[in-house]
Protein chains: 2
Amino acid sequence: MTVPDTLGGIGEIATLERIFPRLPQAAAQLLGPGDDAAVIAAPDGRFVVTTDMMIHGPDFRLAWSTPRDLGWKAAASNLSDVAAMGAVPTALVVAIAAPSHSPVALLEGIADGLREACAALWPGCGVVGGDLSVSSALTIAVTAFGDLEGRDPVLRSGASEGDVLAVSGELGRAGVGLRLLFERGVDDLGDPDAAAAASVRADNPDLVGAQLAPTPPIADGRAAALAGATAMLDLSDGLAIDARRLARASGVRLDFASAALGDDPRLALEGGEDHALLATFPPHTALPGGFRAIGTVQAGDGLAVDGTPYLGSVGWDPYRGWNGASG
Amino acid sequence: MTVPDTLGGIGEIATLERIFPRLPQAAAQLLGPGDDAAVIAAPDGRFVVTTDMMIHGPDFRLAWSTPRDLGWKAAASNLSDVAAMGAVPTALVVAIAAPSHSPVALLEGIADGLREACAALWPGCGVVGGDLSVSSALTIAVTAFGDLEGRDPVLRSGASEGDVLAVSGELGRAGVGLRLLFERGVDDLGDPDAAAAASVRADNPDLVGAQLAPTPPIADGRAAALAGATAMLDLSDGLAIDARRLARASGVRLDFASAALGDDPRLALEGGEDHALLATFPPHTALPGGFRAIGTVQAGDGLAVDGTPYLGSVGWDPYRGWNGASG
């Protein structure tokens, strides 16, 4: 049996040499890693930028997510925010801090996941720079860039009474996947367990995969913008919470048709981390790509389901929702 | 005595409401925080990007740095990387993860430091977005953007035999400041101590300030580019280590004149975190801004001092150099 290389064992420079060849190249990269900064093309004279951190404990469990899952999800969740502006992703920078006892394979796997997610979700998007550091808590901070291709960004604030409310992507599945992991991806003491998680994932690849390695409909962000979407956002905290944000920003009420929310509308409304796109379109718009109508935009405020006000969902607060466990 | 508000006590939304008004506005901001992503102007069709994480323990001690210092240094070190490309800073995105028991004043102070550093170092640069999360280790991840104003970036690889080697900014002072903190900013057991650190800082404001809240010569990055600098980088790991990088990238030897390195050339060569700019210029260039000649570019490789090869400095490896202590 061989002992795996650790970050502390081989050091920063050797670690970087093992990661770099695995990272995806960005077509927009004019100057890549290796200098004080990178240079990225922004052909229309603007760029879209979003940043999101994933932290061991509150955001993921190493017993549940493979290293590849972590890289994939870090890329996917940020690309989804770029798409939600009606932009196309161009590049990422990635800062990772990991304990020095971590196996090098952890960072290699994260790099593989970044590469595979870019290849699957938006080929041509790549990693143009980053930072590698040490921390007691594995932390992945991704900043993602996008190109609006000359269009106006699609904001949360543009929905008008009479618009169609539509979604592209699955609703509620990532939330069910997380519930399955909490229920069955644990040992007898209730702690996250890798073997149990592998088993529940093998039995429910789509549901658990939706949670651990989501596949947001990146191309539908541009498609929505081209079709005239009046407002759009990425569903990260759950349909109800995020729809309420859109309703508030636009000064409208969003009325869901329960029949369009699947067998379990409550699940569709309350499940988090869908990384689907919620958008509004002018009436009679031919909905683009994977978008399907799920309701209408009305005068008023807040949410409704079949005309009845919907008051559920308070949302995840990282400072109150995390019990300090890692796993 | 009142108990200070904590992040867990008031929650994420109230915390954001207290931070946002403190953040600096960016002149290049076309769309700021509040949507899925921000939109930033990139008037010449490109943008410069760099990212850097600061982590409690390996990168700072809360007994030594004030919250304002942390925000200041996070901004300053990233702006310096932008300047080292010959660009001018335009905007930052900032992701912060903090323990839920942290006082809200910690994040308010970090925001104040970000604002004050931008105002002091490059007015008009501001924070256009970010992410707030929870972690057992306070982590500040900054991604900074810059505008090349139509110029080519100044790389590390462009130095030629016969060029003048020059620096803008102080050498060795930040390293002395850190040594003072390790020697005198501690209690009887050798652990970082706030009262002791305040005392040593009051006695040595310039040296300790150079370590905790550096003031890199941001404007001199553009000035160097306009004056025809052939190569440039930010001195973060110490003059010797970083100069060796420039020498390797350019395929040249850098020969320092010890008389230009102050009373203690070894200190100037070995002290880390100067955040000064090292650049090379064609012979007979009138050195711009705060640049002063410290040597020459010669055929060969590596470093020399007064013609004698210099082999010191192995550098900081985060995975080997951190003993796991926070303080």
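Residues numbered from 1 in each chain as written. Chains lettered and ligands numbered in written order. Predicted model: local features only at pLDDT ≥ 70, side-chain atom pairs only at ≥ 80, totals over all residues. Heavy atoms only, no water.

If you look chain A up in an unreviewed UniProt entry, it shows as Thiamine-monophosphate kinase from Marisediminicola antarctica. If you open the UniProt record of chain A and go to Function (unreviewed entry), you find "Catalyzes the ATP-dependent phosphorylation of thiamine-monophosphate (TMP) to form thiamine-pyrophosphate (TPP), the active form of vitamin B1." You can read under Pathway (unreviewed entry) in the UniProt record for chain A the words "Cofactor biosynthesis; thiamine diphosphate biosynthesis; thiamine diphosphate from thiamine phosphate: step 1/1." (UniProt positions renumbered as here; feature names shortened; annotations may be inferred.)

1. Describing the UniProt feature "binding site: substrate" (unreviewed entry) in chain A
Summarizing the sequence annotation, UniProt attributes the feature "binding site: substrate" (unreviewed entry) to Asp59, Glu273 and Trp316 of chain A in the numbering used throughout. The largest pairwise C-alpha distance within this set of annotated residues, which runs over 258 residues, is 11.2 Å, so the set is compact in three dimensions. Turning to its location among the elements, Asp59 of chain A is positioned in the loop between β3 (46-55) and α2 (67-83). A relative accessible area of 28% means that Asp59 of chain A is categorised as partly exposed. Excluding residues that lie within four positions of it along the chain, Asp59 of chain A makes contacts with Met53 and Met54 of chain A together with Ser133 of chain B. For Asp59 of chain A, the side chain forms a polar contact with the main-chain nitrogen of Ile55 of chain A, separated by 2.9 Å. Along the chain, Trp316 of chain A turns up in the loop between β13 (308-310) and α10 (318-321). Residue classification places Trp316 of chain A among the partly exposed residues on the basis of a relative accessible area of 42%. (Helix = DSSP H or I, 4+ residues; strand = E, 2+ residues; numbered from the N terminus. Buried < 20%, exposed > 50% of the residue type's maximum accessible area, 1.4 Å probe, protein only. Contact = heavy atoms within 4.5 Å. Polar contact = N/O pair within 3.5 Å; in protein donor to acceptor, adjacent residues only side chain to side chain.)

2. Overview of the interface of chain B and chain A
The partner chain A presents 68 residues to the 68 residues of chain B that form the contact. Summing the contributions of chain B and of chain A, the shared interface buries around 5100 Å²; its carbon and sulfur component is 62%. On the chain B side of the interface with chain A, the three residues burying the most area are Asp36, Phe47 and Tyr319 of chain B, jointly 18% of the side's total. Applying the counting criterion to the chain B and chain A interface returns four salt bridges. (Buried area = accessible area lost by both parts, 1.4 Å probe. Salt bridge = Lys/Arg side-chain N within 4 Å of Asp/Glu carboxyl O.)

3. Some points on the sheet that holds strand β11 (residues 292-298) of chain A
All names here are of chain A. Read across the open sheet, the seven strands follow the order β8-β10-β7-β11-β9-β12-β13; overall the sheet is mixed. Single-partner strands in this sheet number two, and they are β8 (231-234) and β13. With direction set aside, neighbouring strand axes in the sheet form an average angle of 30°. Note: strand β7 (residues 164-168) against β11, four bridges, orientation antiparallel. In the strand pairing of β11, Val167 is matched with Arg292. (Pairing = 2+ DSSP bridges. Axes fitted to C-alpha atoms, helices over the stretch in contact; angles between N-to-C directions.)

4. Focus: the environment of Arg184 of chain A
Residues and elements named next belong to chain A. Position of Arg184 among the secondary structure elements: in helix α4 (residues 173-184). A residue is classified by how much of its surface remains accessible, and Arg184, at 40% relative accessible area, is partly exposed. Separated by 17 residues in sequence, Arg184 and Arg201 have C-alpha atoms that sit 9.7 Å apart. Among residues more than four places away in sequence, those in contact with Arg184 are Ala196, Val200, Asp203 and Asn204. Looking at Arg184, its side chain comes within polar contact range of the side chain of Asp203, at 3.4 Å.

5. Description of the relation of the copies chain B and chain A
Relating one copy of the chain to the other takes a rotation about an axis and a shift parallel to that axis. The transformation that overlays chain B on chain A combines an axial shift of 0.0 Å with a rotation of 180°, and the residual RMSD is 0.0 Å. The superposition operator between the copies reduces to a two-fold rotation axis. It is Gly45 of chain B whose C-alpha, among those of chain B, lies nearest the rotation axis, at 2.3 Å. Same-surface contact between copies: 100% of interface residues of chain B are shared with the interface of chain A. (Least-squares fit on C-alpha atoms with pLDDT ≥ 70 in both.)

6. Overview of the domain arrangement of chain A
As assigned here, chain A comprises domain 1 (7-147), domain 2 (164-169 + 216-310) and domain 3 (176-212). On a C-alpha basis, the centres of domain 2 of chain A and domain 3 of chain A stand 28 Å from each other. (Domains from an automatic or database assignment.)

7. What to know about the sheet that holds strand β7 (residues 164-168) of chain B
Residue and element names in this part refer to chain B. An order of β8-β10-β7-β11-β9-β12-β13 is seen for the seven strands of this open sheet, with the pairing classed as mixed. Only two strands of the sheet have a single partner each, and these edge strands are β8 (231-235) and β13 (308-310). Looking at each pair of strands side by side, their axes are set apart by 30° on average, direction ignored. In this sheet, β13 lies alongside strand β12 (residues 303-305) in antiparallel orientation, the contact comprising three bridges. Bridge assignment links Leu303 to a residue of β13, and that residue is Tyr310. Most of the contacts of helix α7 (residues 219-226) go to strand β10 (residues 276-281), to which it runs at about 5°, and overall it touches β7, β8 and β10.

8. Focus: helix α1 (residues 7-19) of chain A
Taking 1.5 Å per residue, 13 residues should reach 18 Å; α1 of chain A reaches only 12 Å between its end C-alpha atoms and comes up short. Buried within α1 of chain A are the following residues: Leu7, Gly11, Glu12, Thr15 and Ile19 of chain A. Close packing links the buried residues of α1 of chain A with β4 (88-98), α3 (104-121) and β5 (126-134) of chain A together with α10 (318-321) of chain B. (Expected span 1.5 Å × (residues − 1).)

9. Describing the packing of aromatic side chains
Geometrically, a pair of aromatic rings is defined through the distance of the ring centres and the angle of the planes. Within this structure, the stated rule accounts for 10 aromatic pairs over all chains. Taken together, a centroid distance of 5.0 Å and an interplanar angle of 85° make the contact between Trp64 of chain A and Phe182 of chain A edge-to-face. Here the residue Trp64 of chain A occupies a position in the loop between β3 and α2, and Phe182 of chain A occupies one in helix α4, the gap between them amounting to 118 residues. When the centroid spacing of 5.3 Å and the interplanar angle of 75° are considered together, the rings of Phe281 of chain A and Phe291 of chain A count as edge-to-face. Residue Phe281 of chain A is located in strand β10 (residues 277-281), and its partner Phe291 of chain A is located in the loop between β10 and β11; the two are separated by 10 residues in the primary sequence. Neither residue differs from the other here; Phe281 of chain A and Phe291 of chain A are each classed as buried. An aromatic cluster is defined as three or more aromatic residues linked by ring pairs; in this entry it consists of Phe47 and Phe145 of chain A together with Phe47 and Phe145 of chain B. Sitting over the face of the ring of Trp64 of chain A, Arg61 of chain A holds its NZ or CZ atom 5.9 Å from the ring centroid. (Phe/Tyr/Trp six-rings, centres within 6.5 Å; stacked < 30°, edge-to-face > 60°. Lys NZ or Arg CZ within 6 Å of the ring centre and 35° of its normal.)

10. A look at the pattern of salt bridges
The full count for this structure, using the stated rule, is 40 salt bridges over all chains. Where Glu183 of chain A meets Arg179 of chain A, a salt bridge forms, and the shortest distance between an N and an O atom there is 3.9 Å. Linking Glu183 of chain A with Arg179 of chain A, this pair stays in helix α4, spanning four residues, or about one helical turn. Accessibility expressed as a relative area gives 45% for Arg179 of chain A, which makes it partly exposed. Of the charged contacts, one joins Glu149 of chain B and Arg151 of chain B as a salt bridge, the two residues approaching to 2.8 Å between their closest N and O atoms. The partly exposed category is assigned to Glu149 of chain B, whose relative accessible area is 34%. By relative accessible area, Arg151 of chain B is classed as buried at 15%.

11. Things to note about unusual backbone geometry
Residue and element names in this part refer to chain B. Phi at Glu273 is positive, roughly 60°, even though this residue is not glycine. Structurally, Glu273 can be placed in the loop between α9 (265-270) and β10. The exposure class assigned to Glu273 is partly exposed, which follows from its relative accessible area of 25%. Even without being a glycine, Asp306 presents a positive backbone phi close to 50°.

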